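# Observations on the three-dimensional arrangement
Chain by chain, the residues:
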Amino acid sequence: MSVAAATRLQQQLPASTVVSVGDREADLYELLLAAQGQPHGARLLVHAERTRRMTQDHDALWDFMQAQPVAGVLALSVPRRATAQARTAQLQVRCTGVRLPRPSRPCARRCA
């Protein structure tokens, strides 16, 4: 679902919170910027593909997130694979708001 579609749905459901969830392919500055431009729109949750440079106070996104408190722990069943046995993985959930600098590529400069 696009940010625009999620925002339209949010406007139709003002008593609810609509969250648009994106996997690593959604880790784009332009998408984050579009979501930021809709302050009363849907929330955006993105699985970051790679760590990112942050501000001078915080060097890298993943290091910064690792320093955040654990908000919850989930147990996930991981099925057996050809070379690995089935197991239960413990997933730690951490969350916080962050500010990322604009990338230097031309499209990002036009979008800001």
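Note that this is a predicted model, so its numbers are computed, not measured. (Residues numbered from 1 in each chain as written. Predicted model: local features only at pLDDT ≥ 70, side-chain atom pairs only at ≥ 80, totals over all residues. Heavy atoms only, no water.)

### Brief notes about the overall build of the protein chain
Per the secondary structure count, the protein chain includes 4 helices and 4 strands. Listing the helices and strands of the protein chain from first to last along the sequence gives α-β-α-β-α-β-β-α. Put simply, the protein chain has 112 residues, and 21% of those count as buried. For the protein chain, the accessible surface area stands at approximately 8,600 Å², while carbon and sulfur atoms represent 52% of it. (Helix = DSSP H or I, 4+ residues; strand = E, 2+ residues; numbered from the N terminus. Buried < 20%, exposed > 50% of the residue type's maximum accessible area, 1.4 Å probe, protein only. Areas by Shrake-Rupley, 256 points an atom, 1.4 Å probe, with all protein chains shown as cover.)

### A closer look at the nonpolar core
Ala 48, Met 54, Leu 61, Phe 64 and Met 65 together form the largest nonpolar core, which totals 5 residues. Once you skip the residues sitting within four places of it in the chain, Leu 61 turns out to touch Ala 48, Thr 51, Arg 52, Met 54 and Val 98. (Core = buried A, V, L, I, M, F, W, Y, C linked by side-chain atoms within 4.5 Å. Contact = heavy atoms within 4.5 Å.)

### Brief notes about helix 1 (residues 3–12)
By the burial criterion, the buried members of helix 1 are Val 3, Ala 6, Thr 7 and Gln 10. Here the buried residues of helix 1 occupy an arc of 100° about the axis, which is enough to place them on one side. More than 90 degrees from the buried face of helix 1, the exposed residues found are Gln 11 and Gln 12. (Arc of directions from axis to C-beta.)

### Quick word on a nonpolar patch on the surface
Residues Leu 74, Leu 76, Leu 91 and Val 93 make up a contiguous nonpolar surface patch of roughly 300 Å² in combined accessible area. Looking at the nonpolar patch, the elements with two or more residues in it are strand 3 (72–78) and strand 4 (87–93). Within the secondary structure, Leu 76 is located in strand 3. We classify Leu 76 as partly exposed; its relative accessible area is 41%. (Patch = residues over 30% accessible without salt bridge, like charges linked within 9 Å, V, L, I, M, F, W, Y side chains within 5 Å. Salt bridge = Lys/Arg side-chain N within 4 Å of Asp/Glu carboxyl O.)

### Overview of the side chain of Thr 7
Tracing the backbone shows Thr 7 in helix 1. For Thr 7, a relative accessible area of 5% puts it in the buried group. Sequence-distant contacts of Thr 7, that is, excluding residues within four places in its chain, are made with Gln 38, Gly 41 and Ala 42.

### Quick look at the confidence of the model for the protein chain
Within the protein chain, residue pLDDT values average 82, and 86% of them lie at 70 or more. The least confident element of the protein chain, judged by mean pLDDT, is helix 4 (residues 106–111) at 56; the most confident is strand 3 at 95. (pLDDT = per-residue confidence, 0-100.)

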